[in-house]
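Letter by letter, the chains look like this.
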Amino acid sequence: MTTIITYGTFDLLHVGHLRLFERLKAMGDRLVVGISTDEFNAVKGKKSLITFENRVALVAALRCVDSVFPENSWEQKRGDIIRHDAQIFAIGDDWQGKFDELGDICKVVYVPRTEGVSSTEIRRGLSVLSSGRIAELKQAIDLLGSVAKELGT
């Protein structure tokens, strides 16, 4: 049985994540996924919009994912690979070269990202809808209305 292990935050779960999981599952028989905890994300300078518990529930519900576990630190990967008896460590190619040292205990694979979709882009799109931005837009609309009224249009 070939076990593949991967890690990520998986905030704003999207089709790119799904395609990654599907490609990884196709490499073997079992896919195990380490999901970064909210506390670990804080260490990495990230803040998730979706809680750790909800990200776990979403990823675990995917039929291509066999099990999930918490990722609490950078250092735990070697122990996780051994504990889950993983033959392949796979992660997105934006991490190219960062985990090569794990090659002494398993095969390390960097998988190309799905074109045209990323959590960062989704987050940027949502930022337009933040309450602060909405207030700014309302203020601008009110100002334009006042100017139009003064001009008699």
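Note that the coordinates shown come from a computational prediction; the quantities given were computed from them, not determined experimentally.

Cut-offs and rules
Residues numbered from 1 in each chain as written. Predicted model: local features only at pLDDT ≥ 70, side-chain atom pairs only at ≥ 80, totals over all residues. Heavy atoms only, no water. Buried < 20%, exposed > 50% of the residue type's maximum accessible area, 1.4 Å probe, protein only. Helix = DSSP H or I, 4+ residues; strand = E, 2+ residues; numbered from the N terminus. Arc of directions from axis to C-beta. Salt bridge = Lys/Arg side-chain N within 4 Å of Asp/Glu carboxyl O. Contact = heavy atoms within 4.5 Å. Pairing = 2+ DSSP bridges. Axes fitted to C-alpha atoms, helices over the stretch in contact; angles between N-to-C directions.

S.K.: So what's going on with helix H3 (residues 52-60)? Which residues, and what values?
M.R.: For H3, the full list of buried residues reads Phe 52, Arg 55 and Val 59. Taken around the axis of H3, the buried residues stretch over an arc of 60°, which confines them to a single face.

S.K.: Account for the pattern of salt bridges, naming residues and giving values.
M.R.: Under the definition given, this model contains 7 salt bridges. Glu 22 is paired through a salt bridge with Arg 19; the nearest N and O atoms lie 3.3 Å apart. Residue Glu 22 and its partner Arg 19 are located together in helix H1 (residues 15-25), separated by 3 residues, close to a single helical turn. Asp 80 is the partner of Arg 83 in a salt bridge, and the nearest nitrogen-oxygen pair spans 2.4 Å. With a gap of 3 residues between them, Arg 83 and Asp 80 both fall in helix H4 (residues 77-83), about one helical turn apart.

S.K.: Help me get a handle on the side chain of His 84, residues and values and all.
M.R.: Secondary-structure assignment places His 84 in the loop between H4 and strand E4 (88-92). Non-local contacts of His 84, meaning those with residues more than four positions away in its chain, are made with Thr 3, Ile 5, Arg 30, Val 32 and Phe 69.

S.K.: I'd love a proper account of unusual backbone geometry, names of residues and values included.
M.R.: Its identity as a non-glycine residue notwithstanding, Phe 10 has a phi of 55°, on the positive side. Here Phe 10 lies in the loop between strand E1 (3-8) and H1. When its relative accessible area of 6% is taken as the criterion, Phe 10 is described as buried. Although it is not a glycine, Asp 85 sits at a positive phi angle of roughly 55°.

S.K.: Tell me about the sheet that holds E1, and name the residues and values.
M.R.: An order of E3-E2-E1-E4-E5 is seen for the 5 strands of this open sheet, with the pairing classed as parallel. For this open sheet the edge positions go to strand E3 (67-71) and strand E5 (107-111), each flanked by a neighbour on one side alone. Here the strands of the sheet are splayed against their neighbours by 25° on average, with no regard to which way each runs. Across 5 bridges, the pairing between strand E2 (residues 30-36) and E3 is parallel. Its bridge partner lying in E3, Ser 36 is registered against Glu 71. Taken strand by strand, H1 contacts E1, E2, E4 and E5, and its axis lies near 140° from that of E2. Most of the contacts of H3 go to E2, to which it runs at about 165°, and overall it touches E2 and E3.

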